[in-house]
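Residues per chain are reported as follows:
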Amino acid sequence: MTSSAGIRIAVVADTSLQRHILQQFLLKQGYQVVLNSDPQHLDLDVLQRCETDLWLYATVSANDDEDDCVVLDYFLDEAAAPVLFGEGSAPERSSEDYPRWERSLLKKIMHLTRHLGDVQGANQVPLVSMQQVTEERPIELPQCFANDLAGPGQPAKQVWLLAASMGGPQAIKAFLDVLPKGLPLGFIYAQHIDPHFESSLPQAVGRHSQWSVRLCSEHPCVREGEVVIAPIEHELKFSPDGRMQTLQTPWDGPYSPSIEQMMYNLAQSYGKNCGVIVFSGMGSDGSIAAEYVQQQGAPVWTQNAASCACSSMPDSVRNAGFSSLSATPHGLAQALVQHVSSQYALDNDDIERKLP
């Protein structure tokens, strides 16, 4: 097991209580805390000069403040060290939930720093540099779609699920940043994250994208050109006419939202007119339902291990034999453009053959 000695962690949290609790927890585990600040007191120079092996981003009140945006953009686009997002506020130490919170956080930290060790020290190159993942040019929209843009608010006939856990916000942002607007589809984005971070996800992943990213509650339908955040605490289903239905009941299973259940619900409603891309994440959520999605005639793709902050989740889908394509976020975006273009060409060929 990797020793915590010599491993450096930088903390960014928006309350003094949260910063204190995290510092005490990290020091107790033997880690070095090299920075502990709120985002308002950080700028790009401080972030770039900080020598750390892991960023722990525990801010849950992201807004349009310029300082917050600089920090968020750095962590999503430029950070050379892994970033652990959205773990939420620590429970009271006297709470029965506190030991569980400690174990969960420690497990994730150990996973993201497992390449750092006693022998080689904590100065190795991190698993993934987000600069390597995000330094890609936007993909050009195929001409067939550029000449046939749907009107605003058009309900999407084809809906894809973007599924992610640890390392997901960076990967999803890299995917959306290069994906051209104008494709005739919409997305549901299911992210394992603390519920307090749910309202921050649209800004976090959509700031530089041509795609609109919004919460589920803002409109009942998934529309073309937009990404809808799956609710974290309540199950999401679809009515026969395609409208989203947020149930009062929580998701089944140990994760929220449940990617397994989201896959089933989406495939039951959209059949072959859906698709799933499993991005970076810890665990195996989605590896069972992927078979059902494929049985409906819909594709299941995965982010490749080399570009993941944590590849356990896409690995589990690949190992089960249900991933038909594996690539970087940019490669997945390119493949999606090609896939939708091919579908468009086939549909037009069918229409021409049926004409008298």
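Residues numbered from 1 in each chain as written. Predicted model: local features only at pLDDT ≥ 70, side-chain atom pairs only at ≥ 80, totals over all residues. Heavy atoms only, no water.

Undergrad: Got a minute to help me understand the overall build of the protein chain in this structure?
TA: Assigned secondary structure in the protein chain consists of twelve helices and 13 strands. In the structure as shown, the protein chain presents an accessible area of about 15,900 Å², 47% of it carried by carbon and sulfur atoms. (Helix = DSSP H or I, 4+ residues; strand = E, 2+ residues; numbered from the N terminus. Areas by Shrake-Rupley, 256 points an atom, 1.4 Å probe, with all protein chains shown as cover.)

Undergrad: For this particular structure, what's the right way to read the sheet that holds strand β8 (residues 226-229)?
TA: Here we have seven strands laid out as an open sheet, ordered β7-β8-β6-β5-β11-β12-β13, and parallel in their pairing. Two strands lie at the open edges of the sheet, namely β7 (212-215) and β13 (325-327), each paired on one side alone. Neighbour to neighbour, the strand axes of the sheet diverge by 25° on average, direction disregarded. Where strand β6 (residues 186-191) lies against β8, three bridges are found, and the strand directions are parallel. Bridge assignment links I188 to a residue of β8, and that residue is V228. Where helix α7 (residues 168-178) meets the sheet, its contacts fall on β5 (159-164), β6, β7, β8, β11 (274-278) and β12 (300-303), and the angle it forms with β6 comes to roughly 165°. Most of the contacts of helix α9 (residues 259-270) go to β5, to which it runs at about 175°, and overall it touches β5, β6 and β11. (Pairing = 2+ DSSP bridges. Axes fitted to C-alpha atoms, helices over the stretch in contact; angles between N-to-C directions. Contact = heavy atoms within 4.5 Å.)

Undergrad: How should I be thinking about helix α1 (residues 16-28) in this particular structure?
TA: The α-helix winds at 3.6 residues per turn, so residues separated by three or four positions along the chain end up facing the same way. The terminal C-alpha atoms of α1, which comprises 13 residues, lie 18 Å apart, in line with the 18 Å expected from a rise of 1.5 Å per residue. Elements that come into contact with the buried residues of α1 comprise β1 (8-12), β2 (32-37), β3 (54-57) and α4 (97-112). Of the residues trailing α1, G30 is marked for its positive phi of about 95°. (Expected span 1.5 Å × (residues − 1).)

Undergrad: It is not clear to me how the side chain of E87 should be interpreted in this structure. Could you clarify?
TA: Tracing the backbone shows E87 in the loop between β4 (83-85) and α4. Among the polar contacts listed, one links the side chain of E87 to the side chain of K108, at a separation of 3.0 Å. In this structure E87 touches W101, L105, K108 and D194, once residues within four positions along its chain are discounted. (Polar contact = N/O pair within 3.5 Å; in protein donor to acceptor, adjacent residues only side chain to side chain.)

Undergrad: Would you mind showing me how to read the nonpolar core here?
TA: Soluble globular proteins: nonpolar side chains tend toward being buried together. W55, F75, F175 and F187 are the most contacted members of the largest nonpolar core, which has 54 residues in total. With 31 residues, the next largest nonpolar core counts V228, M244, L266 and A298 among its residues. (Core = buried A, V, L, I, M, F, W, Y, C linked by side-chain atoms within 4.5 Å. Buried < 20%, exposed > 50% of the residue type's maximum accessible area, 1.4 Å probe, protein only.)

Undergrad: Is there a simple way to explain the pattern of salt bridges in this structure?
TA: Opposite charge on two side chains lets them pair, provided their charged atoms get close. One pass over the full model with this rule turns up 13 salt bridges. D73 serves as the salt-bridge partner of R207, at 2.8 Å between the closest nitrogen and oxygen. With R207 in the loop between α8 (201-206) and β7 and D73 in helix α3 (residues 66-78), this residue pair connects regions lying 134 residues apart in the sequence. Taking relative accessible area as the criterion, D73 reaches 15% and is therefore assigned buried. Note that D97 and R100 form a salt bridge whose closest N and O atoms lie 2.7 Å from each other. You can see D97 and its partner R100 sitting in helix α4, three residues apart, about one turn around the helix. A residue is classified by how much of its surface remains accessible, and D97, at 34% relative accessible area, is partly exposed. (Salt bridge = Lys/Arg side-chain N within 4 Å of Asp/Glu carboxyl O.)

Undergrad: Can you walk me through the pairing of β1 in this structure?
TA: The two faces of the sheet receive side chains in turn, since in a regular strand these alternate between them. Burial within β1 is extensive, with five of its five residues counted as buried. Here β1 pairs with β2 via five bridges, running parallel. In the sheet register, V11 faces β2, and the bridge partner there is N36. Since β1 and β2 lie parallel, the crossover through α1 that links them has a hand, and here it is right-handed. Taken together, the four bridges between β1 and β3 define a ladder with parallel strand orientation. Residue pairing in the sheet places V12 in a bridge with Y57 of β3. (Right-handed = clockwise from strand over helix to strand, strands pointing away.)

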